[in-house]
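Structural description and commentary
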Amino acid sequence: MREVFGAAVSEAMDDDPRLAVVLAVISAGMFRRAAARHPGRVIDLGIREQAMIGTAGGLALTGMRPVVHSYAPFLVERPFEQIKLDLGHQDAGAVLVSIGGSYDAAAEGRTHQAPGDVALIDTLPGWTVHVPGHADEVRAVLRDALPGDDRVYIRLSGTANRAPLPLSGGLAVVRPGSARSAGVVVAVGPMLDRTLEATADLDVTVAYTATVRPFDRAGLSALVAASGNADVMLVEPYLRGTSAHEVSEALADRRHRQLSLGVPRDTELRAYGTPADHARAHGLDVRGIARAARDFFLV
Amino acid sequence: MPTTAALTRYADLPALIGLMEGDEKHSAAAHSTLDVVWVLYDRVLAVTPETADDPARDRFLLSKGHGPAAFYAVLAAKGFLDVSALRGWTAFGSALGHHPDRVLVPGAEIGSGSLGHGLPIALGTALGLRARNVRRPDGSEPRTVVLVGDGELDEGSNHEAIAAAGRLGVGSLTTVVVDNGSALHGWPGGIARRFELEGWATREVQGRDHDALHAAFTRPWGDRPLAVVARVRPTS
């Protein structure tokens with residue numbers, strides 16, 4: 001996904017003079033050619049993440065379209081007040097693109113992990129949040145985001161589904177359940193393949209989205225209405241329950257149950273290893289999702 | 001002459017501030033940023049209410065957004081703001097709060113108040129104008145001037161931007177530091193020295209001396225960013 005991002009943005013810079021890339025060293029090599037072709041439009045500030053967001057805000061105020069990129073903890077958590085003030089409060093837009101979401105950087109440890117990134121961005125108004133599940137979806141998301149003026153967060157992952165899906169901006173049914181089904185499962189981004197496998201023997205509707213803000217409340221409401229039960233299981237690759245309030249809003253008009261899967265909120269996993277190891281520890285591997293689904297849907 | 005042409009002089013600023021803060025002329029004159037902001041809008045910056053949306057206008061970014069009465073008064077004196085808008089400031093429904101909001105205040109380039117944000121935004125503004133190759137009619141680059149307080153310089157985000165601007169040679173960027181001695185631990189060797197080490201041209205000046213301020217802002221300074229340290233008497 002990261003390479004597709006670099007290539008897509010570099011290509012787009014050839015056609016769109018408003019595009020500028022703002023970096024803090026991370027991935028600078030990827031934009032070396034673009035920097036040579038477009039002097040002054042690839043700005044590497046060195047390891048200065050607060051100034052990175054502030055600079056993006058200033059660029060946007062002059063009519064530029066800044067694309068800002070780093071590891072999720074350095075892009076979102078460290079300069080969070082800059083995101084709130086230098087972009088949001090200025091009514092300025094930017095495309096923030098992170099890598100290393102959640103536990104992608106498993107072997108690096110906690111310093112390089114930010115499972116709370118989407119939840120943090122979600123405290124700010126006016127952001128669109130994309131969580132693509134495949135490199136081709138990254139390209140599609142960028143095609144929409146780059147020409148705009150709004151605030152967009154794109155969360156790239158080292159984990160992907162086997163095949164891309166066409167992006168509607170909302171929930172798309174990947175495997176429908178029957179009219180008497182146990183409920184609806186929403187899989188976000190890279191969680192789709194393992195969610196499909198984990199729920200293969202259940203009569204549930206599995207829906208997919210690569211866009212979590214704005215959340216497709218109407219779509220979820222319709223899927224639940226067509227389902228046998230108003231039970232919704234959410235499978236997200238970041239902090240558990242990040243979209244739980246969206247599910248609550250979507251189903252505020254009916255009695256419902258909901259379960260959120262994601263990275264636990266109550267513990268810091270002090271372990272290294274691989275993303276797969278971390279998925280297992282968080283109950284986000286196929287076996288963990290399957291167990292949670294059987295418990296929740298009462299089968 | 002329309003009535004709005006009144007209250008347009010430096011001598012009128014205390015009265016304008018009085019509309020906001022009450023009739024305390026002596027305290028109004030003590031506003032540390034008053035003279036710097038006045039000289040900028042009166043004699044330095046190429047921006048007027050008519051050119052407030054012109055891409056090639058000069059930009060003034062008030063980073064030190066707390067205590068903005070002097071700023072609002074100058075905006076009103078220069079016609080960006082209706083004088084009547086000053087009454088009722090900080091009330092619900094007023095565009096003017098204790099910290100300016102660019103979305104609400106005509107002529108305000110940024111919303112500010114939280115310390116340490118204006119200088120990085122100013123850097124991005126200067127870089128954006130350069131990347132877009134925005135030019136004045138005479139071919140020169142528009143200026144981006146950001147005002148920070150010396151206490152505000154404690155914030156690390158400023159130092160990120162100071163170093164980057166120096167290294168990137170952003171000559172169209174000017175930082176004016178209103179130094180009223182409020183930084184808790186101070187700056188060994190002085191504030192100007194700090195900027196100088198990072199590759200900025202620097203000038204130190206009395207912050208109430210209009211001619212000295214004007215000269216500091218306009219005497220040629222080459223292609224490096226410019227820092228003007230304007231000393232004012234410390235507030236008690």
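Remember, predicted model here, so these are calculated numbers, not experimental data. (Residues numbered from 1 in each chain as written. Chains lettered and ligands numbered in written order. Predicted model: local features only at pLDDT ≥ 70, side-chain atom pairs only at ≥ 80, totals over all residues. Heavy atoms only, no water.)

Some points on the side chain of E137 of chain A
All names here are of chain A. Stated precisely, the cut-off is as follows: Strands here are runs of E lasting at least two residues and helices are runs of H or I lasting at least four, both read from the DSSP assignment and numbered beginning at the N terminus. A 1.4 Å probe rolled over the protein chains alone gives each residue an accessible area, and that area as a share of the maximum for its type sets the label: buried under 20%, exposed over 50%, partly exposed in between. Counted charges follow a simple rule, with Lys and Arg positive, Asp and Glu negative, and His plus the chain ends left uncounted. Note on definitions: salt bridges are taken to be side-chain nitrogens of Lys or Arg within 4 Å of carboxyl oxygens of Asp or Glu. For the purposes of these results, a polar contact is taken to be a pair of N or O atoms within 3.5 Å, where, inside protein, one atom must be able to donate a hydrogen and its partner to accept one; residues adjacent in sequence count only when each atom of the pair is a side-chain atom. Note on contacts: a residue pair qualifies if any of its non-hydrogen atoms lie within 4.5 Å across the two residues.
Assignment of secondary structure puts E137 in helix α7 (residues 135–145). R143 is the oppositely charged side chain nearest to the buried, salt-bridge-free E137, at an N-O distance of 11 Å. Of the polar contacts made by the side chain of E137, one reaches the backbone nitrogen of G133; its length is 2.8 Å. A polar contact of 2.9 Å, which involves the side chain of E137, links it to the backbone nitrogen of L165. In this structure, E137 is in contact with P132, A163, P164, L165, L167, Y208 and A210, ignoring residues within four places of it in sequence.

Considering the nonpolar core
Definition in use: Here, nonpolar core refers to any group of buried Ala, Val, Leu, Ile, Met, Phe, Trp, Tyr and Cys residues whose side-chain atoms link them within 4.5 Å. Start and end positions for the domains come from either an automated domain assignment or a database one.
Within the largest apolar cluster, 71 residues are counted, with the highest numbers of intra-cluster contacts made by L96, Y153 and L220 of chain A together with L123 and L173 of chain B. With six residues, the top contributor of residues to this core is helix α5 (residues 118–131) of chain B. Per-domain counts for this core show at least three residues from each of domain 1 (2–155) and domain 2 (172–297) of chain A. Residues within four places of L123 of chain B in sequence aside, it is in contact with L45 and T55 of chain A together with A161, A164, A165, V170 and L173 of chain B.

Considering the sheet that holds strand β1 (residues 59–62) of chain B
Hydrogen bonding along the main chain pairs the strands of a sheet, whether they run parallel or antiparallel. All names here are of chain B. Note the following rule: Two strands make a pair as long as DSSP finds a minimum of two bridges between them. Simply put, an axis is a line fit to the C-alpha atoms, just over the touching stretch for a helix, and the angle between two N-to-C directions goes from 0 to 180 degrees.
Across the sheet, which stays open at both edges, the five strands sit in the order β1-β2-β3-β5-β4 with parallel pairing between neighbours. Strand pairing shows two members of the sheet lacking a second neighbour, β1 and β4 (201–206), which therefore form its edges. Shown here is a sheet whose adjacent strand axes are inclined to one another by a mean of 20°, direction ignored. Strand direction decides the pairing type here: strand β3 (residues 173–179) and strand β5 (residues 226–231), joined by six bridges, are parallel.

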